[in-house]
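Residue-level structure breakdown
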Amino acid sequence: MQSFLDELADIVGASHVLTDPGVVAGYVTDWTGHWQGHTTAVVRPADTGQVSAVLALCSRAGVAVVPQGGNTGLVGGSIPMDGEVVLSTTRLSVIEHVDPIGRTIAAGAGVTIARARDAAREHGVEFGVDLASRESATLGGIVATNAGGIRVIKNGDTRSQLLGIEAVLSDGRVLTRWKELTKDNVGYGLPGLLAGSEGTLAVITRVLMRLVLPPSATRVAFVAVGSVGDALMVVDRLERAGLTLDAAELMTRSGIDLVCQHQQLRRPLSADAPFCVLVEVSGREDAETTLLEVLDDSHEFVLDAVVEEGPAHRLWQYRESHTESVGAASSTPPVKLDISTPLRDIEAFLNELTTGLDRRFPGVRAICFGHVADGNIHVNLLDAAPDQRDTLSDFVFHLVTDHNGSISAEHGVGRAKAPWMTLGRSAVDLDVMRSIRAALDPAGILNPHILPARRP
Ligand code: FAD
Ligand code: MLT
Ligand code: ZN
């Protein structure tokens, strides 16, 4: 092992091969605290050439590798649970260009969303993907997980923002698709294939992504409603009134109470409604008047509402503090399940979830919130005993399957959901995925234990 570590040090420099337990601690534990692994070494290459040399060495040595960006993933995919080498992309941090006319950004995989956003804003354009983990999550990470977030309703998911990619295959070869073209149908869409591959097909080193125009006349409303159906009606009416819907986020009374307690905030509205929806709209100078008119005309759905101008950080705080507050309030690491259903099924799914949890899992608290217009609900289960985690996941995943939904809407499969992949994909589908893995990573070293496990 020492000679392997020496060879890694020859490639990246000794100070970028980390083995000290105190130093690697932050790389081997996930954001929720549930996944706690161990590693042979954390290696931090500075450029594509070094990534290539590291992977070629690991392939030859048969050493498994876990690529890691900001380590904000919520499904255990970035954690070396079996001693794998962690390939950290944090030094791939160059922003190469922002083109405000072509509306593209080219950057290293280790650049964070916040840095990409700030660079875009300097040129009067906007980065189209946004998540509450923006200060740490990297471009490589959001592509590898095909992250969703709060702007999917407006801009689509990360895959739809991806124009080009540079990625290193497990044998060290560099795959480059890098054209600033909207239309380019020569063969398979490999950038799209790598989006959502969760570090199992290649290590992404550089990305070329679309940018969008910044919204104008932004207004945010926090709206109390009696049901999920009513929240969706409000969203529908806003869009029909000609407003651009920039975000639509559902919260429950218990989630807001938890956030208020944890963040020491006052409740945002006086009505004691079971659900709230935060909507952000933009588009025209009369956006505020239109928004107020729609809310006024929707009195059969709207129990109470408050409207703010501009980015409205105050109102967003209630939504964006959910993840942290849930983590802090649970006596054990929360079971974080990220599901989607057709819009018409959300209400029934949530009702059956509540009934089933009360009946089968007394003492487990559920806090549900999410990107409601995408049909995406984050089911967070608090205070679950360690031996309840799998049965809870199994219960929720079967319920969501009964409602024609997905067991992973945006966080990916990772380790957390791998045992349930057969609920979402057929045997043939899984077989095709395994064949693709085998073709791109014949040595089987890239994140071998996640997604559909490799053929034995
Ligand atoms: P990591 O966590 O480091 O890695 C995630 C996966 O991608 C792993 O499987 C890893 O092996 C792989 N990977 C990372 N970098 C590369 C690379 N360069 N090449 C190949 N594989 C790679 N997710 C959403 O989708 N929507 C949300 O709204 C959202 N909100 C969040 C809010 C909070 C507060 C937190 C903590 C997380 C949230 N997430 C959300 C989850 C997470 O931020 C995303 O999954 C994000 O895309 C992970 O990026 P990362 O750089 O941290 O990747
Ligand atoms: C969110 O939308 O806030 C997230 O995806 C994170 C979470 O599920 O906690
Ligand atoms: Zn989310």
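Parameters at a glance
- Residues numbered from 1 in each chain as written.
- Chains lettered and ligands numbered in written order.
- Predicted model: local features only at pLDDT ≥ 70, side-chain atom pairs only at ≥ 80, totals over all residues.
- Heavy atoms only, no water.
- UniProt positions renumbered as here; feature names shortened; annotations may be inferred.
- Buried < 20%, exposed > 50% of the residue type's maximum accessible area, 1.4 Å probe, protein only.
- Helix = DSSP H or I, 4+ residues; strand = E, 2+ residues; numbered from the N terminus.
- Pairing = 2+ DSSP bridges.
- 1 Å grid on protein atoms, 1.4 Å probe; cavity = no way out; pocket = protein on both sides within 12 Å on 5 of 7 lines; lining within 4 Å.
- Points joined across faces, edges and corners; volume = space filled by probe spheres on them.
- Nonpolar A, V, L, I, M, F, W, Y, C, P; charged D, E, K, R; others polar.
- Domains from an automatic or database assignment.
- Contact = heavy atoms within 4.5 Å.
- Buried area = accessible area lost by both parts, 1.4 Å probe.
- Salt bridge = Lys/Arg side-chain N within 4 Å of Asp/Glu carboxyl O.
- Donors = N, O, S within 2.8 Å, 3.2 Å for Na, K, Ca; no water.
- Disulfide = S-S within 2.5 Å.
- Near = heavy atom within 4 Å.
- Polar contact = N/O pair within 3.5 Å; in protein donor to acceptor, adjacent residues only side chain to side chain.
- Areas by Shrake-Rupley, 256 points an atom, 1.4 Å probe, with all protein chains shown as cover.
- Sits in = over half its atoms within 2 Å of the grid points.
- Core = buried A, V, L, I, M, F, W, Y, C linked by side-chain atoms within 4.5 Å.
- Phe/Tyr/Trp six-rings, centres within 6.5 Å; stacked < 30°, edge-to-face > 60°.
- Lys NZ or Arg CZ within 6 Å of the ring centre and 35° of its normal.

The protein has the name FAD-binding oxidoreductase in an unreviewed UniProt entry, where Rhodococcus oxybenzonivorans is given as its organism. Taken verbatim from the UniProt record of the protein, the Cofactor (unreviewed entry) comment is "FAD". Recorded in UniProt under Sequence similarities (unreviewed entry), the annotation for the protein is "Belongs to the FAD-binding oxidoreductase/transferase type 4 family."

**Here's the deal with the pairing of strand E17 (residues 376-382)**
Counting buried positions along E17 yields seven of seven residues, so the element is predominantly enclosed. Covered by surrounding structure in E17 are Asn376, His378, Asn380 and Leu382 together with Ile377, Val379 and Leu381, the residues of both alternating faces. The pairing of strand E15 (residues 335-340) with E17 spans six bridges and is antiparallel. Bridge pairing in E17 links Leu337 to Val379. Sheet topology note: the strand E16 (residues 365-371)/E17 ladder contains seven bridges and is antiparallel. Its bridge partner lying in E17, His371 is registered against Asn376. From the end of E16 to the start of E17, which pair antiparallel, there are four residues, and Gly375 there has a positive phi angle of about 70 degrees.

**Remarks on the layout of surface pockets**
There is about 1100 Å³ of room inside the largest pocket. Looking at the largest pocket, it is lined by 50 residues, and the ones nearest its centre are Thr72, Gly73, Leu74, Leu131 and Ser133. Of all the elements in the fold, those that place two or more residues in the lining of the largest pocket are strand E3 (65-68), helix H5 (139-145), strand E10 (203-212), helix H11 (313-320), helix H12 (322-329), E15, E16 and E17. Ranked by the residues each element gives to the lining of the largest pocket, the list is headed by H5, at five residues. Across the lining of the largest pocket, the residue classes break down as 18 nonpolar, 25 polar and seven charged. Among the elements that line the lining of the second largest pocket, the one with the most residues is helix H16 (residues 427-440), at five residues. Class assignment of the residues belonging to the lining of the second largest pocket gives a composition of 14 nonpolar, 13 polar and eight charged. Split by domain, the residues of the lining of the second largest pocket number at least three in each of domain 2 (95-212) and domain 4 (330-411).

**A few points about the UniProt feature "domain: FAD-binding PCMH-type" (unreviewed entry) in the protein**
Following the UniProt record, the feature "domain: FAD-binding PCMH-type" (unreviewed entry) maps to residues 35-214 here. End C-alpha to end C-alpha, residues 35-214 measures 38 Å, and it is 22% helix and 24% strand.

**Examining the domain arrangement of the protein**
In terms of domains, the protein is made up of domain 1 (2-88), domain 2 (95-212), domain 3 (219-320) and domain 4 (330-411). For domain 1 versus domain 2, the separation of C-alpha centres amounts to 22 Å. Residue-level contacts link twelve residues of domain 1 with 16 residues of domain 2. Taking both sides of the interface into account, the surface hidden between domain 1 and domain 2 amounts to around 1000 Å²; carbon and sulfur atoms contribute 68%.

**Points about the pattern of salt bridges**
Taken as a whole and judged by the stated rule, the model has 21 salt bridges. Two residues, Asp118 and Arg117, come together in a salt bridge whose shortest N-O distance is 3.1 Å. Accessibility expressed as a relative area gives 17% for Arg117, which makes it buried. Of the charged contacts, one joins Asp130 and Arg134 as a salt bridge, the two residues approaching to 2.7 Å between their closest N and O atoms.

**Remarks on the coordination of the zinc ion (ligand 3)**
His371 (NE2), His378 (NE2) and Glu410 (OE) make up the full set of protein donors to the zinc ion (ligand 3), lying at 1.9 to 2.1 Å. Going along the chain, you hit the donors of the zinc ion (ligand 3) in the pattern H-x6-H-x31-E. Residue His371 is classed as buried on the basis of its relative accessible area, which comes to 4%.

**Quick notes on the state of the cysteines**
Applying the stated criterion across every chain yields a total of zero disulfides. Unpaired in this structure, Cys260 has its nearest cysteine sulfur neighbour in Cys276, at a distance of 9.7 Å. The class of Cys260 is buried, set by a relative accessible area of 9%.

**A word on the site of ligand 2**
What surrounds ligand 2 is the set Leu74, Arg319, Thr323, Lys336, Phe369, His371, His378, Glu410 and His411. A distance of 2.7 Å is found between an oxygen atom of ligand 2 and a side-chain nitrogen or oxygen belonging to Arg319. Measuring from an oxygen atom of ligand 2, one finds a side-chain N or O atom of Lys336 at 2.8 Å. Relative to its unbound accessible surface of 270 Å², ligand 2 loses 86% to contact with the protein. In this structure the site holding ligand 2 corresponds to the largest pocket. Tallied by class, residues from the shell around ligand 2 come to two nonpolar, four polar and three charged.

**A short note on the nonpolar core**
With 53 residues, the main nonpolar core has Phe127 and Ile142 as its most contacted residues. Secondary-structure elements contributing two or more residues to this core are helix H1 (2-12), helix H3 (48-61), strand E4 (85-88), strand E6 (104-108), helix H4 (113-122), H5, strand E8 (162-168) and E10. If you count residues domain by domain, this core takes at least three from each of domain 1 (2-88) and domain 2 (95-212). Those residues in contact with Phe127 that lie beyond four places of it in its chain are Ile105, Ile113, Ala116, Arg117, Ala120, Leu139, Ile142, Met209 and Leu211. Judged by nonpolar contacts, the second largest core, of 49 residues, contains Leu291, Val335, Val364 and Cys368.

**Examining the packing of aromatic side chains**
Between two aromatic rings, the relevant description is the distance of the centres plus the angle of the planes. Overall, the coordinates contain three aromatic pairs when judged by the stated rule. Directly above the aromatic system of Trp178 lies the positively charged group of Arg206, at a separation of 4.0 Å from the ring centroid.

**Thoughts on the site of ligand 1**
Residues in contact with ligand 1 amount to 36 residues; listed here are only the nearest, Pro67, Thr72, Gly73, Ser133 and Thr138. The separation between an oxygen atom of ligand 1 and a polar main-chain atom of Gly69 is 2.7 Å. Contact with the protein chains covers 96% of the free accessible surface of ligand 1, which is 970 Å². Considering every element that reaches the shell around ligand 1, the biggest residue donor is H5, with five residues. In terms of residue class, the shell around ligand 1 is made up of 13 nonpolar, 21 polar and two charged.

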